[in-house]
Amino acid sequence: MMPASLMERAAPVAFTLGLGILWEAICWLFNIDPIILPAPSAIAESAVTHWKPLLRHSGATMWTTLAGFAIAVAFGVVLGMVIGWSRAIYRGLYPVMVGFNSIPKVAVVPILVIWFGIGEIPAILTAFLISFFPIVVNVATGLATTEPELEDVLRALGARKLDIILKVGIPRAQPYFFGSLKVAITLAFVGSVVSETIAANAGIGYLMSVAGTNFQMPLVFAGLIALAIEGIAMYALFAFIEMRTTRWAFRSSFAAGT
């Protein structure tokens, strides 16, 4: 019998292969037009044929996504610390943040294009705008959930508010922070592609828009798969970093697995 750990590692690959085989069978059995739904074999053929532009535009999307995500992390951590500094600030700014996040970012892209023109900057800013909110909320939540009793004890021992934030609040907020990074990086890809689809001359979104205009649907789906691969890779990277840096937060899970 296959060990449980090996089965868990093989499960995603097996499920993906099974889904691809089912997809191919449905397209073949029902003779679906490739313009409506191309088969995985047609998508793979298109990816091999257009691998150079696909690789180039994937690199452009990765660059704009990571640039916007980096700005979101820096801004989100600082703003999250400000909001989590006190409950009054938390209650005052949190509704404003929720209202801002409720604005569809696709409606902001035309404004960014007017301000900065067509190109990378609107994509970077859209990735930033759509991904910073989870970081702010999780950092602020991690800081705001410090027990009042613990703060009272630390103040009695002579600790200042800044000491409590730096030495207790931030370490306790790490699981929240790294959890938000996994969500934010996937949202950053969404922001970049939305902006590239509307106003850009490079990137997966631009490639998909041009391919869709020319009815090259296998290439459109190849772009989607390339985007999914990038998103999964970055999600896995931050999940790995989270596991390495906040292992103490998962000690109960490790104990149960041993």
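The preceding data block contains the structure.
Described below are features of the structure shown in this document. (Residues numbered from 1 in each chain as written. Predicted model: local features only at pLDDT ≥ 70, side-chain atom pairs only at ≥ 80, totals over all residues. Heavy atoms only, no water.)

1. A word on the overall build of the protein
A count of helices and strands for the protein gives 11 helices and 0 strands. Residues classed as buried in the protein amount to 36% of the 258 residues present. Once local pairs closer than 6 in sequence are excluded, the contacts in the protein between residues at least 24 apart make up 76%. Here the protein has roughly 14,700 Å² of accessible surface; of this, 73% comes from carbon and sulfur atoms. (Helix = DSSP H or I, 4+ residues; strand = E, 2+ residues; numbered from the N terminus. Buried < 20%, exposed > 50% of the residue type's maximum accessible area, 1.4 Å probe, protein only. Contact = heavy atoms within 4.5 Å. Areas by Shrake-Rupley, 256 points an atom, 1.4 Å probe, with all protein chains shown as cover.)

2. Comments concerning helix H4 (residues 87–101)
With 15 residues, H4 extends 21 Å between its outermost C-alpha atoms, agreeing within 8% with the 21 Å of an ideal straight helix rising 1.5 Å per residue. Along H4, the largest kink reaches about 30 degrees and is centred on Leu93; proline Pro95 follows within four residues of it. (Expected span 1.5 Å × (residues − 1). Bend = angle between axes of the 7 residues up to and from the residue.)

3. Describing helix H5 (residues 109–116)
For H5, the complete set of buried residues consists of Val109, Leu112 and Val113. Seen end-on, H5 carries its buried residues on one side only, within an arc spanning 105 degrees. In this structure, H5 carries Ile114 and Trp115 as exposed residues pointing more than 90 degrees from its buried face. Looking one or two places after H5, you find Gly117, whose phi comes out positive at around 80 degrees. (Arc of directions from axis to C-beta.)

4. Here we look at the nonpolar core
Phe69, Met97, Phe132, Ile135, Phe177 and Leu181 are the most contacted members of the largest nonpolar core, which totals 45 residues. Among the secondary structure elements, those contributing two or more residues to this core are helix H3 (51–83), helix H6 (120–144), helix H8 (161–198), helix H9 (204–213) and helix H10 (217–245). For this core, the element with the most residues is H6, which contributes 11 residues. Among residues more than four places away in sequence, those in contact with Phe132 are Ala72, Phe75, Leu79, Met97 and Phe100. (Core = buried A, V, L, I, M, F, W, Y, C linked by side-chain atoms within 4.5 Å.)

5. Overview of unusual backbone geometry
A positive phi is found at Asn31, a non-glycine position, where the angle reads about 50 degrees. Relative to the helices and strands, Asn31 is located in the loop between helix H1 (4–29) and helix H2 (40–49). Residue classification places Asn31 among the exposed residues on the basis of a relative accessible area of 67%.

6. Focus: the pattern of salt bridges
Between side chains of opposite charge, pairing is possible as soon as their charged atoms come close. Enumeration according to the criterion identifies 1 salt bridge in this entry. With a shortest N-O distance of 2.8 Å, Glu242 and Lys182 are connected by a salt bridge. Of this pair, Glu242 sits in helix H10 while Lys182 sits in helix H8; the two residues are 60 residues apart in sequence, bridging distant segments of the chain. Given the relative accessible area of 7%, Glu242 is considered buried. Note on Lys182: relative accessible area 15%, which makes it buried. (Salt bridge = Lys/Arg side-chain N within 4 Å of Asp/Glu carboxyl O.)

7. Here we look at the side chain of Ser180
Position of Ser180 among the secondary structure elements: in helix H8. Residue classification places Ser180 among the buried positions, given a relative accessible area of 1%. Setting aside anything within four residues of it in sequence, one finds Ser180 in contact with Pro134, Ile135 and Asn138.

8. Here we look at the packing of aromatic side chains
Taken as a whole, this structure holds 8 aromatic pairs when the rule is applied. Here the aromatic rings of Phe75 and Phe132 are separated by 5.5 Å at their centres, their planes lie at 75 degrees, and the arrangement is edge-to-face. Here the residue Phe75 occupies a position in helix H3, and Phe132 occupies one in helix H6, the gap between them amounting to 57 residues. On the basis of relative accessible area, Phe75 is assigned to the partly exposed category, the value being 38%. Of the residues examined, Phe132 reaches a relative accessible area of 5% and is grouped as buried. Arranged with centres 5.2 Å apart and planes meeting at 65 degrees, the rings of Phe177 and Phe178 form a pair that is edge-to-face. With respect to burial, Phe177 and Phe178 carry one shared label: buried. An aromatic cluster is built from Phe75, Phe100, Phe128 and Phe132, whose rings are joined through pairwise contacts. Sitting above the plane of the Phe100 ring, Lys105 keeps its charged end 5.4 Å from the centroid. (Phe/Tyr/Trp six-rings, centres within 6.5 Å; stacked < 30°, edge-to-face > 60°. Lys NZ or Arg CZ within 6 Å of the ring centre and 35° of its normal.)

9. Topic: the packing of H4 against H6
Contact geometry of H4 with H6 gives a least axis separation of 11 Å together with a crossing angle of 160 degrees. As far as their axial angle goes, H6 and H4 are roughly antiparallel. Two packed elements cross with a definite hand, and for H4 against H6 that hand is left-handed. Across the interface between the two elements, Arg87, Tyr90, Tyr94, Met97, Val98, Phe100 and Asn101 of H4 pack against Leu129, Phe132, Phe133, Val136, Val137, Ala140, Thr141 and Ala144 of H6. When the residues that make up the contact of H4 with H6 are grouped by side-chain class, the tally is 12 nonpolar, 2 polar and 1 charged. (Axes fitted to C-alpha atoms, helices over the stretch in contact; angles between N-to-C directions. Parallel < 35°, antiparallel > 145°, perpendicular 65-115°, else oblique. Left-handed = near helix turned anticlockwise from the far one by under 90°. Nonpolar A, V, L, I, M, F, W, Y, C, P; charged D, E, K, R; others polar.)

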